[in-house]
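Structure assessment
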Amino acid sequence: MLRLIIGIAAGYVLGSKAGRARYEQISASARAVAGSPVTRKLVMVSRQKLSEKLSTQPKLEPMEPLDERTTVMVPHDQLRRR
């Protein structure tokens, strides 16, 4: 979806008859959106969630600690249900 929006925006900019002023306006808006802390946070969170979904590593869940310095971890799908 993002690629489609970028493609439409690029097509408009390249095909626009409005001239350089409109190009500068669109370019400045795109830079403002891309540089926004909110946008960066959204991209970071989205990448993290996607990474977690696509991960081939099993999710590990802590079991009861052996002592105060040692905790056993097992894959989530191998936990015994009580």
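Above: the structure in question.
Before going into details, it helps to say that this report is about the structure given with it. Because the structure is a prediction, the values reported are computed rather than measured. (Residues numbered from 1 in each chain as written. Predicted model: local features only at pLDDT ≥ 70, side-chain atom pairs only at ≥ 80, totals over all residues. Heavy atoms only, no water.)

**Some points on the overall build of the protein chain**
Counting its secondary structure elements, the protein chain contains 3 helices and 2 strands. In sequence order, the secondary structure elements of the protein chain are arranged as α-α-α-β-β. In the protein chain, which comprises 82 residues, the proportion classed as buried is 7%. Just so you have it, the protein chain exposes about 7900 Å², and 59% of that area is on carbon and sulfur atoms. (Helix = DSSP H or I, 4+ residues; strand = E, 2+ residues; numbered from the N terminus. Buried < 20%, exposed > 50% of the residue type's maximum accessible area, 1.4 Å probe, protein only. Areas by Shrake-Rupley, 256 points an atom, 1.4 Å probe, with all protein chains shown as cover.)

**Details of a nonpolar patch on the surface**
Among the surface-exposed residues, Met-1, Leu-4, Ile-5 and Ile-8 lie close enough to one another that they form a single nonpolar patch of about 480 Å² accessible area. Mapping Leu-4 onto the fold places it in helix α1 (residues 2-15). Of the residues examined, Leu-4 reaches a relative accessible area of 52% and is grouped as exposed. (Patch = residues over 30% accessible without salt bridge, like charges linked within 9 Å, V, L, I, M, F, W, Y side chains within 5 Å. Salt bridge = Lys/Arg side-chain N within 4 Å of Asp/Glu carboxyl O.)

**Quick look at the layout of surface pockets**
Leftover empty space is mapped by rolling, across the atoms, a probe with the size of a water molecule. One number sums up the size of the largest pocket: a volume of about 320 Å³. Every residue along the wall of the largest pocket is listed here: Leu-2, Ile-5, Ile-6, Ala-9, Ser-29, Ala-30, Val-33, Ala-34, Thr-39, Leu-42 and Val-43. At the level of elements, α1, α2 (20-35) and α3 (37-54) are the ones that each hand at least two residues to the lining of the largest pocket. A per-class count over the lining of the largest pocket returns 9 nonpolar, 2 polar and no charged. (1 Å grid on protein atoms, 1.4 Å probe; cavity = no way out; pocket = protein on both sides within 12 Å on 5 of 7 lines; lining within 4 Å. Points joined across faces, edges and corners; volume = space filled by probe spheres on them. Nonpolar A, V, L, I, M, F, W, Y, C, P; charged D, E, K, R; others polar.)

**Focus: α3**
For α3, with 18 residues, the first-to-last C-alpha span of 26 Å sits near the 26 Å given by 1.5 Å per residue. Sitting at the head of α3, Ser-36 places a side-chain oxygen 3.2 Å from the backbone nitrogen of Val-38. (Expected span 1.5 Å × (residues − 1). Polar contact = N/O pair within 3.5 Å; in protein donor to acceptor, adjacent residues only side chain to side chain.)

**Some details on the side chain of Ser-27**
Relative to the helices and strands, Ser-27 is located in helix α2. Reaching out from Ser-27, the side chain makes a polar contact with the side chain of Arg-31 at a distance of 2.6 Å.

**Let's talk about the environment of Tyr-23**
Note that Tyr-23 resides in helix α2. Sequence separation between Tyr-23 and Ala-10 is 13 residues, and the spatial gap between their C-alpha atoms is 10.0 Å.

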